[in-house]
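Each chain is listed here by its residues.
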Amino acid sequence: MAIKYFYIDDDNLSTTKETAKGLSVFSDDLEIEAYQHKKWPEQVDFLIDHQNDFDGLLLDWSLTQKNESGEEADFDIEALAQQLRRLVIHKKKFDKDFPIVLCSANYQFRQVFSKEATSHDLFDAVYEKEEFNENREVVVKELIELAKGYKFLNKNLKSTAPLSSSLNILREEEKSMIDDRLIILLRQIIGDNKPPHEVSRFILEQVIKPNGLLINQHLLAARLGIDILNASNMKKFTDFKNKISKTRYKGIFSNAWERWWMKKILVWWKENFDEPLGKIVGSERVKLLNNKFQMNLIPAKPTELSRSEMFWTICSETNKPLAIEDAIIAKTKVGTVDWLDDEYYSIDTALQKDYKEVNLLEKDRLKKLKNMYAKTREKNESK
Amino acid sequence: MSRSEVLKNMRSLSGLLNEWGFVKNPNSLYKISVEQIGNKISYTISDSEPLIFYNIDIEKHTIPHGLDKLSDSDIDIRLKLTSVFGELISEKNLDPIQKLGVNIVVDATYLVEGKYEDVTCCWHLDRHNFNDSEFTHPTYHMTFGGSNMKKYAGKLGKLLLMPAPRIMYPPMELILSCDFIIRNFYSKEKRESIIEKPGYIELVEKAKIKYWKPYGCAFVSEWVDSMEIENLTHGMLIGA
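Rules used in this analysis
- Residues numbered from 1 in each chain as written.
- Chains lettered and ligands numbered in written order.
- Predicted model: local features only at pLDDT ≥ 70, side-chain atom pairs only at ≥ 80, totals over all residues.
- Heavy atoms only, no water.
- Domains from an automatic or database assignment.
- Contact = heavy atoms within 4.5 Å.
- Buried area = accessible area lost by both parts, 1.4 Å probe.
- Salt bridge = Lys/Arg side-chain N within 4 Å of Asp/Glu carboxyl O.
- Helix = DSSP H or I, 4+ residues; strand = E, 2+ residues; numbered from the N terminus.
- Buried < 20%, exposed > 50% of the residue type's maximum accessible area, 1.4 Å probe, protein only.
- Axes fitted to C-alpha atoms, helices over the stretch in contact; angles between N-to-C directions.
- Parallel < 35°, antiparallel > 145°, perpendicular 65-115°, else oblique.
- Nonpolar A, V, L, I, M, F, W, Y, C, P; charged D, E, K, R; others polar.
- pLDDT = per-residue confidence, 0-100.
- Disulfide = S-S within 2.5 Å.
- Bend = angle between axes of the 7 residues up to and from the residue.
- Core = buried A, V, L, I, M, F, W, Y, C linked by side-chain atoms within 4.5 Å.
- Patch = residues over 30% accessible without salt bridge, like charges linked within 9 Å, V, L, I, M, F, W, Y side chains within 5 Å.
- Areas by Shrake-Rupley, 256 points an atom, 1.4 Å probe, with all protein chains shown as cover.
- 1 Å grid on protein atoms, 1.4 Å probe; cavity = no way out; pocket = protein on both sides within 12 Å on 5 of 7 lines; lining within 4 Å.
- Points joined across faces, edges and corners; volume = space filled by probe spheres on them.
- Polar contact = N/O pair within 3.5 Å; in protein donor to acceptor, adjacent residues only side chain to side chain.

In many analyses, interface size is given as the accessible surface area lost on bringing the parts together. All names here are of chain A. Per the domain assignment, the segments of chain A are domain 1 (3-154), domain 2 (157-208) and domain 3 (214-382). Spacing between the C-alpha centres of domain 1 and domain 2 amounts to 26 Å. With 13 residues of domain 1 in contact, the opposing surface of domain 2 contributes 13 residues. Both faces considered, domain 1 and domain 2 share a buried interface measuring about 1,100 Å² in area, 57% of it formed by carbon and sulfur atoms. Linking domain 1 to domain 2 there are zero salt bridges.

Written as structure tokens, this is what we have:
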């Protein structure tokens, strides 16, 4: 049965329906039903009354226009989300928890929204409406996977099953290779009877999305020395990914967020090669891979201002591979947990950045590098 | 030392380095995987994820001349530490260390007349593995240069780089390696802000008793009859 989202917007119904149709292209998997906003409290009552008809909600960020009955929304979307979450937590009127996703056509939306840190905890995903066209497949996958994840958590969090089966993050045999602190935190979260939206937020924001225990494909490629930024290399990389499928993360939300267990990658490397991965430069890693698997993967090149090819991280803005020694630590997000990797910029990117965008520890170095590169530029220009 | 003790020490060291403020990636110590197979414990700080020290000080007799006089904004200097370490949990052996390889690489980029120059300097501390070798290898020895300099072969001007002499030096695991760097590459003011901290002193002293006391006793036993090496165990020396 298809996953179903209710979509609430203040645009006229035909526009909203059009948007919904666009996202329902894979109608066997995802169906979006469009509605215009109502007034409070009818809006809340409507959702309570129809809770069995949807698996998730897609909400427009700013409700400023009148609906077809000439009513303006007398609430903002954060208040609605907050109220729904509260009713779920207190198990009043809602029998289940569900994803709440935010979208907007306002092009400054991300900028404004990112400053409103307090409302970030309310939404499971945030999209600009443009992404519904440009990035449709990814958005659809994420919406489906979010709803499926919630369904799983609604059912399993209450059970007394062991951690691994109630969260479907790690299999029993994977526990030994995973950071102890993650297991302790997960246990705590389950033990505290947190509602599914808090558990899912933790898993997505602290385990799956950021690089650390799990890594995304850009970091995977960088650590193996492979260039994937050139689109023509992507096909070869996809073939390669199939060869290491046993190192992939296969737990909750994994169909939309493709990740690999870093520890499993290291074990896999050890099984296949004598030379430790961390001891050889990127191009040598690719040489070994190509010889072993008769592939033609293309080695990544360092950025213009990098000194080393001992790639281990990526520039968070360009996804280009970097050696830790060349990388400049980006401003650390408050509240990140121990097992997550720092985010970095290449020197090339950092030179364009303001000091407040890098980690406090890197300010002096960035100042120095800006000064040094400015001087060499002057010298070159005066030639 | 048990696996959890090693992890706990890394955590303390990471916290101290974090607070000190001259290490770029102290949190990477959290992520090192400390493996235990049987009674063997090992960890690696690899070339791809070295511990990086910033703002080291340049002494005035450094060559190329004048590096110490460059304005701070004209030189970028980094020190990388990598380490391979393995030990036995057993207290029967006098020396618990099974494998050891520490690399300290200093890289500097500086401006001369509007152009960059890159210079480097490497030290390597090793545990000799007692295969027949033609030259003297003290069990624990320090070498200038080492494999990290290979990439500069042919670019060393009139400098001759030989593996000899292999200088006798006591073993250093991670904590002692960091202490070595802090004491040798930072001026008084910078280093005092960490080496005088009670937590730091305790961490380093514990490591010295664990790894240097057996080394010292084994050394002295050569001349002091009452300290027959066969009669000593690691457990006895560290008071376990």
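Attention now moves to the pattern of salt bridges. Residues and elements named next belong to chain B. A complete count under the given rule lists 30 salt bridges over all chains for this structure. Here Arg127 makes a salt bridge to Asp95, at a shortest N to O gap of 3.2 Å. Here Asp95 lies in the loop between strand 4 (75-88) and strand 5 (97-112) and Arg127 lies in strand 6 (residues 115-127), a separation of 32 residues in the sequence. The exposure class assigned to Asp95 is partly exposed, which follows from its relative accessible area of 26%.

This next bit is on the packing of helix 10 (residues 217-224) of chain A against helix 11 (residues 234-243) of chain A. Residue and element names in this part refer to chain A. Packing of helix 10 against helix 11 leaves a shortest axis separation of 12 Å and a crossing angle of 90°. By the angle between their directions, the pair helix 10 and helix 11 is classed as roughly perpendicular. Of the residues in helix 11, those in contact with Gln217, Leu220, Ala221 and Leu224 of helix 10 are Met234, Phe237, Phe240 and Lys241. Residues of the contact of helix 10 with helix 11, tallied by class, amount to six nonpolar, one polar and one charged.

Our next topic: the confidence of the model for chain A. Across chain A, pLDDT averages 88, with 96% of residues at or above 70. Looking at the elements of chain A, mean pLDDT is at its lowest for helix 4 (residues 109-115) of chain A, recorded as 70, and at its highest for helix 10 of chain A, recorded as 97.

On to the state of the cysteines, then. The full count for this structure, using the stated rule, is zero disulfides over all chains. Free of any disulfide, Cys121 of chain B has its nearest neighbouring cysteine sulfur in Cys122 of chain B, separated by 6.4 Å.

The principal kink in helix 5 (residues 198-220) of chain B, of about 40°, is found at Trp212 of chain B, preceding the proline Pro214 of chain B by one to four residues. The elements touched by buried residues of helix 5 of chain B are helix 1 (3-20), strand 4, strand 5, helix 3 (174-185), helix 4 (188-195) and helix 6 (234-238) of chain B.

This next bit is on the nonpolar core. One finds Leu17, Trp20, Phe53, Leu81, Leu174, Ile181 and Phe185 of chain B to be the most contacted residues of the largest nonpolar core, which totals 51 residues. Ranked by residues supplied to this core, first place goes to helix 3 of chain B with eight residues. In this view, Trp20 of chain B contacts Phe53, Ile182, Tyr186, Lys190, Ser193 and Ile194 of chain B; residues no more than four positions away in its chain are not counted. Core analysis: the second largest hydrophobic core is formed by 49 residues, Ile3, Tyr7, Ile178 and Leu214 of chain A among them.

This part covers a nonpolar patch on the surface. A contiguous nonpolar patch, built from Met168, Phe219, Val220, Trp223 and Val224 of chain B and spanning about 480 Å² of accessible area, is present on the exposed surface. Within the secondary structure, Met168 of chain B sits in strand 8 (residues 167-168).

Rolled over the atoms, a probe sized like a water molecule indicates the empty space that remains. Tallied over the full model, the rule gives four cavities of 30 Å³ or more. Of the volumes computed, that of the largest cavity is approximately 120 Å³. Surrounding the largest cavity, 15 residues form its lining, Met1, Asn9, Tyr43, Glu173 and Ile175 of chain B being those nearest its centre. Those elements that provide at least two residues to the lining of the largest cavity are helix 1, strand 4, helix 3 and helix 5 of chain B. Class assignment for the residues of the lining of the largest cavity results in 11 nonpolar, one polar and three charged. Here the second largest cavity defines a volume of roughly 100 Å³. As for the second largest cavity, its lining consists of Arg223, Trp312, Thr313, Ile324, Asp341, Asp342 and Tyr344 of chain A together with Asn25, Asn27, Ser28, Lys31 and Glu49 of chain B. Contributions of two or more residues to the lining of the second largest cavity are made by strand 8 (311-314) of chain A together with helix 2 (28-31) of chain B. In terms of residue class, the lining of the second largest cavity is built from three nonpolar, four polar and five charged.

The partner chain B presents 33 residues to the 34 residues of chain A that form the contact. Summing both partners gives a buried area of about 2,800 Å² for chain A against chain B, and 49% of it is carried by carbon and sulfur. At the junction of chain A and chain B, the tally comes to six salt bridges. Lys368 of chain A is paired through a salt bridge with Asp72 of chain B; the nearest N and O atoms lie 3.7 Å apart. For the interface between chain A and chain B, the tally reads 13 residue pairs in polar contact (both at pLDDT 80 or more). Every element with two or more residues in the side of chain A that touches chain B is listed here: helix 8 (180-191), helix 12 (262-272), strand 8, strand 10 (328-329) and helix 15 (363-382) of chain A. Residues of the side of chain A that touches chain B, tallied by class, amount to 14 nonpolar, three polar and 17 charged.

The next thing to look at is unusual backbone geometry. With an omega of 0°, the peptide bond between Trp40 of chain A and Pro41 of chain A qualifies as cis. Across the junction of Ala164 of chain B and Pro165 of chain B, the peptide omega takes the value -5°, indicating a cis bond. Along the polypeptide, Pro165 of chain B turns up in the loop between strand 7 (140-144) and strand 8. The phi dihedral of Phe253 of chain A is positive, around 70°, even though this residue is not glycine.

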